[in-house]
Amino acid sequence: MGRSTDLVLYQAEWCPYCARVRSKLTELMLDYRNVNVPRPHTARDAVRDVSGQTSIPVLVDGTTVLNDDDDIIPYLEEKYGRAS
């Protein structure tokens, strides 16, 4: 059982950048809500609504919205600490 959070990850299983974020969330033992998005950017209304763009991954943590794995991973490490 992971640590309870309000994190929401907008992602796709086929996306390697999303896989990096999922791996970090698992490493840190964080619970999160997963929202799988469609492949076509034109069908990613949910992603556009929260982030203003259609690329993934997007992580929402309260009022913080991050839309690049190179930003998300350091954020998770800083806010939630490294797993032992």
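Our structure's up above, just so we're on the same page.
Residues numbered from 1 in each chain as written. Predicted model: local features only at pLDDT ≥ 70, side-chain atom pairs only at ≥ 80, totals over all residues. Heavy atoms only, no water.

Bringing the side chain of Asp 61 into the picture now. Topologically, Asp 61 is positioned in strand β3 (residues 58-61). Residue Asp 61 is classed as buried on the basis of its relative accessible area of 9%. In terms of polar contacts, Asp 61 uses its side chain to reach the side chain of Tyr 75, at 2.6 Å. Apart from the residues within four sequence positions on either side, Asp 61 is in contact with Leu 7, Tyr 75, Lys 79 and Tyr 80. (Helix = DSSP H or I, 4+ residues; strand = E, 2+ residues; numbered from the N terminus. Buried < 20%, exposed > 50% of the residue type's maximum accessible area, 1.4 Å probe, protein only. Polar contact = N/O pair within 3.5 Å; in protein donor to acceptor, adjacent residues only side chain to side chain. Contact = heavy atoms within 4.5 Å.)

Our focus in this paragraph is the packing of helix α1 (residues 16-27) against helix α3 (residues 69-80). Contact pair α1 / α3: the axes reach a minimum separation of 9 Å and the direction vectors enclose 5 degrees. Relative to α3, α1 is oriented roughly parallel. Contacts from Tyr 17, Arg 20, Val 21, Lys 24 and Leu 25 in α1 reach Asp 69, Asp 70, Ile 72, Ile 73, Leu 76 and Glu 77 in α3. Taken together, the residues that form the contact of α1 with α3 break down as six nonpolar, no polar and five charged. (Axes fitted to C-alpha atoms, helices over the stretch in contact; angles between N-to-C directions. Parallel < 35°, antiparallel > 145°, perpendicular 65-115°, else oblique. Nonpolar A, V, L, I, M, F, W, Y, C, P; charged D, E, K, R; others polar.)

Considering all chains together, one arrives at seven salt bridges under this definition. Here Arg 20 makes a salt bridge to Asp 69, at a shortest N to O gap of 2.4 Å. Pair noted here: Arg 20 is in helix α1 and Asp 69 is in helix α3, with a separation of 49 residues, a long-range link. Of the residues examined, Arg 20 reaches a relative accessible area of 40% and is grouped as partly exposed. (Salt bridge = Lys/Arg side-chain N within 4 Å of Asp/Glu carboxyl O.)

Let's shift gears to the environment of Tyr 32. Take Tyr 32: it is sitting in the loop between α1 and β2 (33-36). A sequence separation of twelve residues divides Tyr 32 from Arg 44, and the C-alpha atoms of the two residues are 20 Å apart. Setting aside its immediate chain neighbours within four residues, Tyr 32 contacts Thr 5, Leu 7, Leu 9, Arg 22 and Leu 25.

Any link to function would need more than the numbers given here.
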